[in-house]
Amino acid sequence: MKKIIILALGLLLLIPAGMTAKKKQAVAQFAETTYNFGTIPENGGPVTHEFGFTNSGDGNLVIIDARADCGCTKPEFPAKPIAPGGHGKIKVTFNPKYQPAQFNKVITVQTNGKQKKVRLKISGNIDKNK
C-alpha cells in the first residue's frame, strides 16, 4: 500500500510538468529600425520620424520605456498595451541645434516582449549654414 501511495504521488508530481500551458508572449516587429534624415538645416527646428511596429505575438505588448542616448533626441511611445495584431509607433524628435555636422543617435526601446530591448537608430547630416 505504501508503494502505491508513493508511486501515485510521484506520478502526480510529473503530470503538471508535462501539462504546463504555453505562456503568451508579445513580439514587437518593427517595419524599420534605422532612418536617415539626409541633410537638414541646423536652424530649421526639430525633425521627426515615426518608427511603426506590429505586435506579431499572442500576448499584449507593453512598451516599458524608450530612451535616447542624448538630450537632443526625444522618443514618445504608447502608454497603453498593444493587443496581438495591433499596431503602434515610436515617435522620435531630433533637434539639430548645436549638434555636430554628422549625427548618429540610438533610441533603446524596452518591452515586455520576446525581444526585451530594441535599438532604433537615426542619422543624417546638418547644414551649419542654414
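Residues numbered from 1 in each chain as written. Predicted model: local features only at pLDDT ≥ 70, side-chain atom pairs only at ≥ 80, totals over all residues. Heavy atoms only, no water.

Quick notes on the sheet that holds strand β2 (residues 34-41)
By way of backbone hydrogen bonds, the strands of a sheet pair with one another, either parallel or antiparallel. The mixed open sheet is built from four strands, whose spatial order is β2-β8-β7-β4. Each having just a single partner strand, β2 and β4 (63-68) make up the two edges of the open sheet. Each strand of the sheet is rotated relative to its neighbour by a mean of 20°, with strand direction disregarded. Of the strand pairs in this sheet, β2 and strand β8 (residues 117-127) are connected by six bridges, and their pairing is parallel. If you follow Ile40 over to β8, its bridge partner there is Ile126. (Pairing = 2+ DSSP bridges. Helix = DSSP H or I, 4+ residues; strand = E, 2+ residues; numbered from the N terminus. Axes fitted to C-alpha atoms, helices over the stretch in contact; angles between N-to-C directions.)

Considerations on unusual backbone geometry
The phi angle at Tyr98 is positive, at roughly 65°, despite the residue not being glycine. Note on placement: Tyr98 falls in the loop between β6 (87-94) and β7 (102-111). Accessibility expressed as a relative area gives 69% for Tyr98, which makes it exposed. (Buried < 20%, exposed > 50% of the residue type's maximum accessible area, 1.4 Å probe, protein only.)

Considerations on the nonpolar core
In this structure, Phe30, Ile90, Phe94, Val109, Leu120 and Ile122 are the most contacted members of the largest nonpolar core, which totals 23 residues. Listed by contribution, the elements that provide at least two residues to this core are β1 (28-30), β2, β3 (47-55), β4, β6, β7 and β8. The element best represented in this core is β8, accounting for four residues. Setting aside residues up to four positions removed in sequence, Ile90 forms contacts with Phe30, His49, Glu50, Phe51, Phe53, Ile63, Pro75, Glu76, Phe77, Pro78, Val109 and Leu120. (Core = buried A, V, L, I, M, F, W, Y, C linked by side-chain atoms within 4.5 Å. Contact = heavy atoms within 4.5 Å.)

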